[in-house]
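The primary structure of each chain is shown beneath.
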Amino acid sequence: MKILVINSGSSSIKFALYLMPTRDLLASGLVERIGENEGALHFKYDDNKIDIIRRVLNHKDGLEAISEFLLNDQYGIVASEEEIQAVGHRVVHGGEKFHDTVVVDDAVKDTVRELSNLAPLHNPPNLLGIEESEKVFKHAIQVAVFDTAFHQTLPMNAYREPLPPEFYERYGIRKYGFHGTSHSYVAKRAADYLNKDLKECNFITLHLGNGCSATAIKNGRSVDTSLGMTTIGGLMMGTRIGDIDPGVVLHLVEDIGMGTSEVKKLLGKNSGLKGVAGDNDMRELSIRYEQGDESARLAIELYTYRIKKFIGAYMAVVGSPLDAVIFTAGVGENSPLIRRMVCSNLEPLGIQFNYEANESLRSSQEVNELSTTDSLVKVLTVPTNEELEIANESFRMLQHQEAL
Ligand code: AMP
C-alpha cells in the first residue's frame, strides 16, 4: 500500500510517497510559487529528477500535477489511484482539541478552521491542502497529523501562563508547543536504538533547524517544551528571537515608537542568528566563527548558551535520570561546532561529551552516539524525518480503521 504525505503551505506544497509497511520512499517533490505567473514543479523518484516551470493556478492545480506525476505510466510509480490508500497532512495547530492523529471528517475540518486564529499563517493553507486533496485523491482516507499533538501531555504548570484565568479561558492563551512530529519521531528512534520501551525513556530532544525547540520527555511523554503559543518563543532561532523580557516589546512600541507590524517583523524575521550576525545559515556563520568574526561569535555564543540553559532546566523538570540528550534537524544533525559548544562543561550534569566522535561525525541517516562510554547521560544525534512520521501515523490510522 502507498501513502502520500502532504505539507501544504500558502504558496507551496511538499509531498512524499511511501510504500508501507516497508517505509520505502518512492517519490517526493515540491510545487512552489502557486498562484504566481511562473510556478515550479520539482519531482524526484529513484535517481531521477524532473523540473518543470509552468503556472500553477491554485492548490488544486498543484495537487493534480502531483497526482499526474505519480500516475504517469512513463515513471511507473503508482499504477492506479486506488493504490494510494491514505493521504497524511501536516497540520500545524491542533489547539487543545487534538491529542493525537485523526482521520479527517467535516468536524475535524471545522475545528482546524476555527483554530486558524491561533496559527493564521499555517492552518488555512493546511486546510486548503486537505480540502483539495479530498477532490484529487478520492479513494484515500485523509489523515491530519498535528505539530502540537505530542505536547498535549504537558501538565498544567508547564502550559499555563501566569495571567488572570480569563486569558486562558476566553482567548486560549497557553503553551501549545510545536515541532511535535519531529520530537516524537526522534524519541521513538532513540528508544529503539537504546532497546528500551519508549514509556521508560527520559530524553531532552533538541530540534535545531531554522526553527528551534527543546522538549523535556519523561516516560515517553512531552512534559515541557520551549515553543509556546506561537512559534517565536523559547530558543534563539535562525530569524526568530526566542525568549525575551516582555517589557522589551512594550518598550519598542511605547518608547521607541515602533508599530506592531514592525515589531512583529523584527521579532520573527530579523532577530535570532540573522539579527545578531546578518545571516541565518549556520554553515556560513560557522565559517565566519572559525575565522574570528566577532558578530558570528556573539550570535553562536548566544545561541548555544540558551540551549545549555534549557538542558539544565529540563533535567530539573524531568527529575529522573535522563537517558539521552538528542540533537536533531539541520543544525543539530550537522554542526559539530554547535554540539560541542552546547555540551562542553556539562560533566556536573552527568554528560561526558565525546569530542572526537563529534568532530568526525559526517551526515548520517543512523543514530550516532557522541558521549563517552562512562557518561551517565548519552548524547545522540538522530536524523529527523517528519514526512516519514506522518506516513507512519497515517498507516496506523488505516490499520485502526481496518480493525474496526
Ligand atoms: P532545517 O530547518 O532542519 O532544514 O535546518 C536548516 C539549518 O540547518 C540552516 O541554518 C542550515 O544552515 C543548517 N545546516 C544544514 N547543514 C549544516 C551543516 N553542515 N553545518 C551547519 N549547519 C547546517
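Calculation rules
- Residues numbered from 1 in each chain as written.
- Predicted model: local features only at pLDDT ≥ 70, side-chain atom pairs only at ≥ 80, totals over all residues.
- Heavy atoms only, no water.
- Helix = DSSP H or I, 4+ residues; strand = E, 2+ residues; numbered from the N terminus.
- Rg over C-alpha atoms; globule rule 2.2 N^0.38 Å.
- Buried < 20%, exposed > 50% of the residue type's maximum accessible area, 1.4 Å probe, protein only.
- Lys, Arg positive; Asp, Glu negative; His and termini not counted.
- Charge placed at Lys NZ, Arg CZ, Asp CG, Glu CD.
- Polar contact = N/O pair within 3.5 Å; in protein donor to acceptor, adjacent residues only side chain to side chain.
- Contact = heavy atoms within 4.5 Å.
- Pairing = 2+ DSSP bridges.
- Arc of directions from axis to C-beta.
- Axes fitted to C-alpha atoms, helices over the stretch in contact; angles between N-to-C directions.
- Core = buried A, V, L, I, M, F, W, Y, C linked by side-chain atoms within 4.5 Å.
- Phe/Tyr/Trp six-rings, centres within 6.5 Å; stacked < 30°, edge-to-face > 60°.
- Lys NZ or Arg CZ within 6 Å of the ring centre and 35° of its normal.

Draft legend 1. Structural view of the overall build of the protein. Regarding its fold elements, the protein presents 15 helices and 14 strands. The globule rule puts the C-alpha radius of gyration for 404 residues at 22 Å, and the 22 Å found for the protein is close to it. Each principal axis of the C-alpha atoms in the protein carries an extent, and together these give about 60 × 55 × 45 Å. Within the protein, the proportion of its 404 residues that are buried is 52%. Distance between charge centres in the protein, computed from 41 positive and 56 negative side chains, equals 2 Å.

Draft legend 2. The arrangement of the side chain of Asn-202 in detail. Its place among the elements puts Asn-202 in the loop between α6 (180-194) and β9 (203-208). There is a polar contact of 2.9 Å between the side chain of Asn-202 and the backbone nitrogen of Asn-219. Once residues within four sequence positions are removed from consideration, Asn-202 is found in contact with Ile-217, Lys-218, Asn-219, Val-318, Ser-320, Pro-321, Leu-322, Asp-323 and Ala-324.

Draft legend 3. Region of interest: the pairing of strand β12 (residues 324-328). For β12, the tally of buried residues reaches 5 of 5 residues, placing the bulk of the element in the interior. Residues of β12 alternate between two faces, with Ala-324, Ile-326 and Thr-328 on one and Val-325 and Phe-327 on the opposite face, all of them buried. Sheet topology places β9 next to β12; 5 bridges connect them, and they run parallel. Bridge assignment links Ile-204 to a residue of β12, and that residue is Val-325. Direction of pairing for β12 relative to strand β14 (residues 378-381): parallel, over a ladder of 4 bridges. By the bridge assignment for β14, Ala-324 is matched with Lys-378.

Draft legend 4. Focus on helix α8 (residues 260-269). Where α8 is concerned, the buried positions are Val-263, Leu-267 and Gly-268. Relative to the axis of α8, the buried residues are bounded by an arc of 115° and lie together on one face. Opposite the buried face of α8, at more than 90 degrees from it, the exposed residues are Ser-261 and Lys-269. Against α7 (246-254) lie the buried residues of α8.

Draft legend 5. Seen up close, the sheet that holds β14. Ordered by their spatial adjacency, 6 strands build an open sheet running β11-β10-β9-β12-β14-β13, and the pairing between neighbours is mixed. Looking at which strands have only one partner, the edges of the open sheet turn out to be β11 (221-225) and β13 (368-369). Helix α13 (residues 336-343) rests against β9, β12 and β14 of the sheet, and its axis sits at about 155° to β12.

Draft legend 6. Highlighting the sheet that holds strand β7 (residues 102-103). Read across the open sheet, the 8 strands follow the order β5-β4-β3-β2-β1-β6-β8-β7; overall the sheet is mixed. Of all the strands in the sheet, the pair left with one neighbour each is β5 (48-53) and β7. Here strand β4 (residues 40-45) runs beside β5; their pairing, made up of 6 bridges, is antiparallel. By the bridge assignment for β5, Phe-43 is matched with Ile-50. Of the strands in this sheet, β1 (2-8), β2 (12-19), β6 (84-91), β7 and β8 (141-146) touch helix α15 (residues 386-403), which is tilted by about 130° from β6.

Draft legend 7. Representation of the nonpolar core. Of all hydrophobic cores here, the largest spans 44 residues; its most connected members are Leu-206, Leu-208, Tyr-303 and Ile-311. At the level of secondary structure, the elements contributing two or more residues to this core comprise β9, β10 (212-218), α9 (272-277), α10 (282-290), α11 (294-318), β12 and α13. No other element matches α11, which puts 10 residues into this core. Within the second largest apolar cluster, 30 residues are counted, among which are Val-5, Ala-86, Val-143 and Ala-191.

Draft legend 8. Quick peek at the packing of aromatic side chains. Here the structure, examined in full by the defined rule, presents 11 aromatic pairs. Judged by centre distance (5.1 Å) and plane angle (85°), the ring pair of Phe-353 and Tyr-355 falls under edge-to-face. Ring-pair connections join several aromatic residues into one group, and the members of that group are Phe-15, Phe-43, Tyr-45, Phe-69 and Tyr-75. The ring of Tyr-159 has Arg-174 sitting right over it, with the charged end atom 3.7 Å from the ring centre. For Arg-174, the ring lying beneath its charged end belongs to Tyr-176, and the centroid distance is 4.9 Å.

So far we have only geometry, and geometry alone does not tell us how the molecule works.
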